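The chain contents come next:
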Amino acid sequence: RMPEGDSFSLAECLGYLGRLCLDGGDLDEAERLIEQSAAMTRRLSESAGSSFAGALLALGAVDASALRFSQALRHYEDAHDLYLEIHGTDDVFMVELCRLEIAGLLEDAAAVGDGLMSDIPEPRGSFNASFVEAIQMRNRARILLRAGAVDAAFRLIDASIAVDEVDEVDGGHVERET
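What counts and what doesn't
- Residues numbered from 1 in each chain as written.
- Predicted model: local features only at pLDDT ≥ 70, side-chain atom pairs only at ≥ 80, totals over all residues.
- Heavy atoms only, no water.
- Helix = DSSP H or I, 4+ residues; strand = E, 2+ residues; numbered from the N terminus.
- Contact = heavy atoms within 4.5 Å.
- Areas by Shrake-Rupley, 256 points an atom, 1.4 Å probe, with all protein chains shown as cover.
- Expected span 1.5 Å × (residues − 1).
- Buried < 20%, exposed > 50% of the residue type's maximum accessible area, 1.4 Å probe, protein only.
- Axes fitted to C-alpha atoms, helices over the stretch in contact; angles between N-to-C directions.
- Parallel < 35°, antiparallel > 145°, perpendicular 65-115°, else oblique.
- Left-handed = near helix turned anticlockwise from the far one by under 90°.
- Nonpolar A, V, L, I, M, F, W, Y, C, P; charged D, E, K, R; others polar.
- Phe/Tyr/Trp six-rings, centres within 6.5 Å; stacked < 30°, edge-to-face > 60°.
- Lys NZ or Arg CZ within 6 Å of the ring centre and 35° of its normal.
- 1 Å grid on protein atoms, 1.4 Å probe; cavity = no way out; pocket = protein on both sides within 12 Å on 5 of 7 lines; lining within 4 Å.
- Points joined across faces, edges and corners; volume = space filled by probe spheres on them.
- pLDDT = per-residue confidence, 0-100.

Attention now goes to the overall build of the chain. Each helix and strand in the chain was counted, giving seven helices and zero strands. For the chain, the N- to C-terminal ordering of α and β elements is α-α-α-α-α-α-α. At a minimum sequence separation of 6, the contacts of the chain that also span at least 24 residues come to 62%. Counting only carbon and sulfur atoms, one obtains 52% of the accessible surface of the chain, whose full area is about 9700 Å².

Moving on: helix H2 (residues 27-44). An α-helical turn contains 3.6 residues, so any two residues separated by three or four positions project in the same direction. The terminal C-alpha atoms of H2, which comprises 18 residues, lie 26 Å apart, in line with the 26 Å expected from a rise of 1.5 Å per residue. Taken as a whole, H2 has its buried residues at Leu27, Ala30, Glu31, Leu33, Ile34, Ser37, Ala38, Met40 and Thr41.

A separate point is the packing of H2 against helix H3 (residues 50-65). Packing of H2 against H3 brings their axes to within 9 Å, and their N-to-C directions diverge by 160 degrees. With respect to each other, H2 and H3 are oriented roughly antiparallel. Relative to H3, H2 is oriented so that their crossing is left-handed. Packed against H2, whose contacting residues are Leu27, Ala30, Glu31, Ile34, Glu35, Ala38, Thr41 and Arg42, the element H3 presents Ser51, Phe52, Ala55, Ala58, Leu59, Val62, Asp63 and Ser65 at the interface. Broken down by class, the residue content of the contact of H2 with H3 amounts to nine nonpolar, three polar and four charged.

What the rule picks out here adds up to zero aromatic pairs. When the ring centre of Phe52 is taken as origin, the NZ or CZ atom of Arg42, which lies over that ring, is 4.8 Å away.

Further remarks concern the packing of helix H1 (residues 8-23) against H3. The interhelical angle for the contact between H1 and H3, taken along N-to-C directions, is 20 degrees, at an axis separation of 11 Å. What the angle tells us is that H1 and H3 run roughly parallel. Considering only the axes of H1 and H3, their crossing is left-handed. Only Ser51, Gly54, Ala55, Ala58, Ala61, Val62 and Ser65 of H3 make contact with H1, whose side of the interface consists of Glu12, Arg19 and Leu22. Split into classes, the residues belonging to the contact of H1 with H3 amount to five nonpolar, three polar and two charged.

All right, on to the layout of surface pockets then. Looking at the largest pocket, its volume works out to about 620 Å³. Taken together, 27 residues make up the lining of the largest pocket; nearest its centre are Arg19, Leu57, Ala61, Glu101 and Asn139. The biggest single contributor to the lining of the largest pocket is helix H6 (residues 130-146), with eight residues.

Right, let's get into the environment of Thr89. If you trace the backbone, Thr89 turns up in the loop between helix H4 (69-87) and helix H5 (93-111). Excluding residues within four positions of it along the chain, Thr89 makes contact with Leu84 and Val95.

Right, let's talk about the confidence of the model for the chain for a bit. Per-residue confidence for the chain gives a mean pLDDT of 80, with 84% of residues at or over 70. Helix H7 (residues 150-169) is the least confidently modelled element of the chain, averaging 69 in pLDDT, while H4 averages 93, the highest of any element. Scored below 50 in pLDDT, residues 166-178 makes 15 contacts in the model with residues more than four places away or belonging to other chains.

Encoded structure:
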């Protein structure tokens, strides 16, 4: 039974539960829970904060998994802009994560013939985000499989394994050229 009333803790729990549903493939329930989380966060705060930006990222992931690439892009771009506004610099991990999500989404959309474009800058690759990159690649592979782009999905899985191997060899630090 869900507690009554609004709280940041409940909003966070709804968001996490929604992400678990997303991982389990229940897109409708994931979307419902994450939307509840986002709405509750907005009701509790005068201004949109990082919790709301996180909900936007999660909604983007739901939309991407449902092959609604345009909606996913809008959510990712909104999260990017909000994190940038909150932090006042693009030199923070969450801004870079949004850029990674957007770049991956654009690649995935192109692989299934959807020519989306974004004005958000490319990821800089300056963060040691190799673990996150590997997880993101695996999540994107799931989306591509759902869209029928099997070869592209397997290339991403291959690339994600290579990221893990580089981490093991280099003690977790990955140098990347940009």
